[in-house]
Structure formats: C-alpha cells, structure tokens
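A look at the structure
Single-letter residue listing:
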Amino acid sequence: MDTIFAVSTASGKSGIAVVRVSGPSSHALARELAGSLPPARKLGLRRLVDRNGEFIDKALVACFPEGSSFTGEAMAEFHLHGSREIVKTVLEELGGSQFSRMALPGEFTRRAVQNGRLDLAQAEGLGDLIQAETKAQLRQAARALEGALGARVENWRSGLIRCAALLEASIDFADEEIPADVFPEVSARLDDLIGELKYESEGVSAAERIREGFEVAIVGPPNTGKSTLLNFLAGREAAITSEFAGTTRDIIEVRMEVGGFPVTLLDTAGMRETSDPVEGMGVERARNRALAADLRVFLNDGESAEAKMVEFREGDIELRCKSDLRPNCSEDGISGRTGAGVENLVRRLADEFESRSAGVASATRIRHRIAIEKALESLYRTRNEIANADERVEFAADELRSAVRSLDSLTGRIDTEHLLDEIFSSFCLGK
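Only a predicted model underlies this, so the values are computations on that prediction, with no experimental measurement involved.

A few points about the sheet that holds strand β9 (residues 261–267)
- The five strands lie next to each other as β8-β9-β7-β10-β11, forming an open sheet whose pairing is mixed. Of all the strands in the sheet, the pair left with one neighbour each is β8 (252–258) and β11 (317–320). Strand after strand, the sheet turns through a mean of 25 degrees between neighbouring axes, direction not considered.
- Judged from the four bridges that link them, strand β10 (residues 295–300) and β11 form a sheet pairing that is parallel. The residue bridging phenylalanine 298 from the neighbouring strand is glutamate 318, located in β11.
- Strands β7 (214–219), β8 and β9 of the sheet are contacted by helix α7 (residues 183–212), whose axis makes an angle of about 75 degrees with β9.

Laid out in structure tokens, this is it:
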C-alpha cells in the first residue's frame, strides 16, 4: 500500500496539531524530518528540519511498528505546535517524497478495517463517536466501537454453523445410523435465533433516532404561544413573535439537547381554516411536517378545535397554553413567556425519548437492518424446508449458508468493498 499522511486534528490555529503517517515508508519519512526516532510506542521530543536543514519545529514524535498501530501498518505521529505554517511545512515535506501521498477521507480507518484492526460495524461506531453531540449518541457509538454488534454476530454465526453442520451430517450419512434426530435441535436453535434477530431489527429505528435526532413539532391554533415557547426552549429569539394570529407562516427548526437526546424542535404555523392562500400553504406544510414528526406537543387554548387537524398519537403531549394568563390553570399548563411548566415538559419529553430508546440493541443502522432481514428471510425458508420432508434438507442447509453470508456482511467478513467508499466518505482526512 502507499504511505499516506494527513492532519488528524481540526484545521486552524491551535495549541497542538497532530500529523499522522501510515504505511511502509512512514518510519523512514519520520526519520528524515526528526533525525532519529524514539523507542516504539513512546513519545520523544525531536527537532524537526526540512530537506535543506532549516528548522521547522520542536515536536513530540511517536512511532508504532506494523501490527501495533491503529491501522495495523507501521505508523508515525508528529505532535506539532498548532501554527498553520508549521503544519503546512510538515505536510509539504511529507508530500515531497515519491513514496507518500495525502490520505483520502477515512482512509486511516479504512485500512484499519482491511487489516483486521476493526470490523465494519466498529468503524461505523467510530464515525458516530466523532460526530456525537449528546450523551445518548456517545453511549450508542461507544458500544458500537467496543464491538457489541460484532460479538452478537459471532454468536449468531456459530449457532447457524452448528445447525448447518447437523443438517449436512444428515445428508452425508443418510444411509447410516445417526445418533439422534437432528431436526428438533435445529428447529429450537432457529426459533431462538429468529427471536434475537427480530429484536435487533426492530431496535434499529430507535437507534437511528438517537443518531439523527428526534423531531418534535409544536402544534396548535394560531396565537397560542408556540413561537414564544420555542424561543424559551432555545434560549434565543429563533422565531418572530407578535400578538397577531398567523405570524408564523413557515416552519422554524431549532436543534437542541433534551435529557441527553438530540432533538429538532419545529415551530409550525397555527392550525386553522383560512381563506388566505399564503397562510393556507403554511398550515398545510405545518400539518404534513407535524404528521411526519416523531412526537407532537399540542398547545390548547381550550376553545379552538383546529389543533385536531393533526391526529393525536400515543406519546404526544397536550398542554394548556399561556398559563400565566390563567390563574386556575392545571399542572398541564405552560407559558413560554414566564417559563412556567417548561421544566415539566422537558422531563416528559426526556422520559418519552428514554422509553422509545429502550429497545435499542446492537444494530444501529439501516444497513444493519437490511442485512438482518435478509438473514431472517433465509431462516424462515430454512424452517419451512425442514418442516416439509427429509429430502428437502439440502435446500435447508443452503438457506442457512445464505443467512450466514448476510450476517457476515454486518461486520465486513464478506461483501465489504462496495460499502467502504460510502461509509468512509463522511470521515475527516486524518481519520
């Protein structure tokens, strides 16, 4: 492979900038800049000079032997002072060699997968870890990076291989005595595996919401304080407010964290029948977006029925608006002007997100669900073939092999090449 290099820290001025180099020529390139290298896996202070002998920087240098680095290749790292000019000069020196080139986005992690240092699901977890903005996202990404899905796949795989071995033994020794009827054991194992795979598949939607964020639409009739509530929750003037009904015509989005979960709050146009074509477009957009949201917060003034233009669903929250103007308002009252009831709303939202996230297991992506569902289809066909007759056993064994291949694609054991470009394209250059 080529020797690659890139800056692994954020661009711009900083206290420290890390440049990493990976590949067969990495140690030779580091030696050209630093003169000598510290012992493997230890940091050493070195004076860096360019090819003309001019001083670049005093930096910490670390080297890793093949098989002991993040990528699995020989690696070197330069911990530089974060001057743009220092970083630029070091990159120019590395790029001046015929044996090295700038890394592509995600290429370091891609090499780690290709060299067996990470499986594909762990690499996806690493990408999620880098992008994590909330505690829930961090927890989910950390489990993926630690290999939670890979461990599950190995367990499923060993169970399927055991089933396949039992079925193939019944084919190979059809004319001889087999110690016991294999079909009850195979059927029992299949039922257990199907149950586990269905659980994992069903949890992917919740995992996607944790990674991408929940959408919460604030809906209700005009002039019920939706924009005022959004501004209070956001802590800034995100939406225009006024005493006139119908001020909000378009959908305002605010990204925030609620109870450790990423949330996009949607301020929508007031729900009412109107002859104004522009306002009507806003109402229709608001209705469609509210229907597509994960959860809705209904602000009710106790008089209008227009809020019911959006169907109330399980998990939605209904509150009495402008509680500061209603002295006898119940505990379900809320005021975006004074903040009364907002803490209760945030707590209820967090509880709902926690409940919806309870089903998250190890599979966290649509890609995972597709592979698991393919495996399930093969297992259903396996069970049908076993139920038919003994002469169909070879078809059942073949379906089991298909299920194993589907599960192997989860961790990159097979069929990875067409996935790598898509997965690593979102990574930064130094990762």
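Structure's up, so let's keep going.
Points about the pattern of salt bridges
- Inspection of the entire model under this criterion finds 24 salt bridges.
- In this structure, glutamate 93 and arginine 51 form a salt bridge, with 3.7 Å as the shortest nitrogen-oxygen distance. One end of the pair, glutamate 93, is in helix α2 (residues 84–95); the other, arginine 51, is in the loop between β3 (44–49) and β4 (55–64), and 42 residues separate them in sequence.
- Assessed through its relative accessible area of 15%, glutamate 93 is described here as buried.
- The closest approach of N and O atoms between aspartate 191 and arginine 383, which form a salt bridge, is 2.9 Å. Residue aspartate 191 is located in helix α7, and its partner arginine 383 is located in helix α11 (residues 366–388); the two are separated by 192 residues in the primary sequence.
- Taking the relative accessible area as the measure of exposure, aspartate 191 reaches 40% and is therefore partly exposed.
- On the basis of relative accessibility, which here comes to 34%, the residue arginine 383 falls in the partly exposed class.
- Each of Asp2, Glu73, Arg101, Glu107 and Arg111 takes part in salt bridges that share partners, so that together they form one network.

So, the side chain of glutamate 215
- Within the element layout of this structure, glutamate 215 appears in strand β7.
- Excluding residues that lie within four positions of it along the chain, glutamate 215 makes contacts with Thr264, Leu266, Arg289, Ala293, Asp294 and Leu295.

Observations regarding the pairing of β7
- For β7, the buried fraction is high: six of the six residues fall into the buried class.
- Neither face of β7 is open: one carries Phe214, Val216 and Ile218, the other Glu215, Ala217 and Val219, and all of them are buried.
- Two strands pair when backbone bridges link them, and β7 and β9 are joined in this way by five bridges, in the parallel orientation. Paired with valine 216 across the two strands is leucine 265, which belongs to β9.

Conventions and cut-offs
- Residues numbered from 1 in each chain as written.
- Predicted model: local features only at pLDDT ≥ 70, side-chain atom pairs only at ≥ 80, totals over all residues.
- Heavy atoms only, no water.
- Pairing = 2+ DSSP bridges.
- Helix = DSSP H or I, 4+ residues; strand = E, 2+ residues; numbered from the N terminus.
- Axes fitted to C-alpha atoms, helices over the stretch in contact; angles between N-to-C directions.
- Contact = heavy atoms within 4.5 Å.
- Salt bridge = Lys/Arg side-chain N within 4 Å of Asp/Glu carboxyl O.
- Buried < 20%, exposed > 50% of the residue type's maximum accessible area, 1.4 Å probe, protein only.

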